[in-house]
Amino acid sequence: MGRPRVLSGVQPTGALHLGNWLGAIRNWVDLQDSHDTFFCVVDLHAITAPHDPARLTDDTLNTAALYLACGMDPERSSIFIQSQVAAHSELCWLLNCVTPLNWLERMIQFKEKAVKQGDNVSVGLLDYPVLMAADILLYDADLVPVGEDQKQHLELARDIAQQRINARFGNENHPVLMVPKPLILKEGARVMSLTDGRSKMSKSDLNEGSRINLLDPPELITKKIKRAKTDPERGLEFANPDRPETDNLLGLYAILSGKGRDAAAQECADMGWGQFKPLLADATVAALEPIQARHRELMADRTELDRVLDNGRDQAESVANETLERVRSAMGFAKRR
Ligand code: TYM
């Protein structure tokens, strides 16, 4: 038996923001010490909403470079592009054929995104969580580190593995697929918009000022924080239901300054916004500075990035193909010779 496995991914849809980093990517780093880790850029998911073909490659490579810049180590992790491992699409089809339609129609993200897309919702958008299940199940992942918004998709992946594949095509002693668990850390699991503390920070928000992107220059970060929504009260505190913006900004400060929640709450308990906002801006700029510097280096000379992604693809492919063959065989397909 090898070490337990981890798989996670981010869509290359535009710029990655603080929510993606604090909710997901940041939590991938330490897992590299204890787990076999697979991190993919999920470009097939990125086309479930209308996309610009002229940007897809650049966005994909930028996202992969950010993984490395945020601390993913190619010596310890397989870092790859989802669409380059064909097994993802193939397992998705096999899972499609055993997944009830009404499980997908229930998905909150589908309902939210479908409303935004209007009449032209693609079959791909509905199928998004099945492809995500395929991503996870191909690697026999024990743990999937994600933000809070992905919990329902993880439950679906578990149900597909357990009820639709293992129960039907395996037996108790020989499950076909590993049943994964989500890893959702409390801090940073739900970073909220800077302009509305009741909705999450999101790539698809039309208002750029609602999010801080990981590659935003310092002046822009400072400007966005300066304009972030606040309330007329003095002093910052956690968990006051009438002050969601305060909770969010203080939470960001606690993580980005490295001080933690208790110390941050104590430090800012009597602070006015005019004093707090520059503090948060400085902490954010300082936390992102090393990531931005490493990202610039990686994008200036693509050789290293290309090498990492080629290796990652080969490593991922050998694991994924083995799992795919196991599922094909359990479902009764003729063996590929
Ligand atoms: P994506 O690109 O929408 O989000 C990537 C990760 O960022 C987290 N996240 C947040 N966390 C905290 N606060 C926020 N405001 C916030 N916004 C986003 C998400 O929870 C996610 O962990 N469906 C996945 C992509 C995916 C995937 C997978 C993930 C495809 N296949 C397999 C894990 C395993 C998603 O939400 O991407």
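Residues numbered from 1 in each chain as written. Predicted model: local features only at pLDDT ≥ 70, side-chain atom pairs only at ≥ 80, totals over all residues. Heavy atoms only, no water.

Novice: Just give me the short version of the packing of aromatic side chains, but keep the residues and values in it.
Specialist: Counted under the stated rule, the structure contains six aromatic pairs. Centroid distance Trp273 to Phe276: 5.9 Å. Interplanar angle 80°. Geometry classified as edge-to-face. In this pair, Trp273 and Phe276 both sit in helix α12 (residues 273-300), three residues apart, roughly one turn of the helix. In terms of burial, Trp273 and Phe276 fall into one category: buried. An aromatic cluster is present here, built from Trp28, Phe39 and Tyr67 joined pairwise through their rings. Arg261 extends its terminal NZ or CZ atom over the ring of Phe238, reaching a point 3.8 Å from the ring centre. (Phe/Tyr/Trp six-rings, centres within 6.5 Å; stacked < 30°, edge-to-face > 60°. Helix = DSSP H or I, 4+ residues; strand = E, 2+ residues; numbered from the N terminus. Buried < 20%, exposed > 50% of the residue type's maximum accessible area, 1.4 Å probe, protein only. Lys NZ or Arg CZ within 6 Å of the ring centre and 35° of its normal.)

Novice: I'd like a rundown of the site of the ligand, residues and numbers included.
Specialist: In the vicinity of the ligand there are 28 residues, among which Tyr128, Asp135, Asp149, Val191 and Lys203 approach most closely. Contacts to the ligand include Gly19, whose backbone N or O atom sits 3.1 Å from a nitrogen atom. Backbone polar atom of Gly147 to an oxygen atom of the ligand: 2.9 Å apart, as the coordinates give it. Here the ligand has 700 Å² of accessible area as a free molecule, and 96% of this is covered by the chains. Breaking the shell around the ligand down by element, the ones donating at least two residues are β1 (5-10), α1 (18-34) and α7 (123-137). Here the residues of the shell around the ligand are counted per class, giving 12 nonpolar, 11 polar and five charged. (Near = heavy atom within 4 Å. Polar contact = N/O pair within 3.5 Å; in protein donor to acceptor, adjacent residues only side chain to side chain. Areas by Shrake-Rupley, 256 points an atom, 1.4 Å probe, with all protein chains shown as cover. Nonpolar A, V, L, I, M, F, W, Y, C, P; charged D, E, K, R; others polar.)

Novice: With reference to specific residues and values, describe the pattern of salt bridges.
Specialist: Pairs can form between side chains of opposite charge whenever their charged atoms are close. As enumerated under the stated definition, the model contains 20 salt bridges in all. With its nearest N and O atoms 2.5 Å apart, the salt bridge here joins Arg76 to Asp33. Here Arg76 is found in the loop between α3 (53-69) and β3 (77-81), whereas its partner Asp33 is found in helix α1, with 43 residues between them in sequence. Counted as one network, the salt bridges with shared partners bring together Glu208, Arg211, Asp216 and Lys224. (Salt bridge = Lys/Arg side-chain N within 4 Å of Asp/Glu carboxyl O.)

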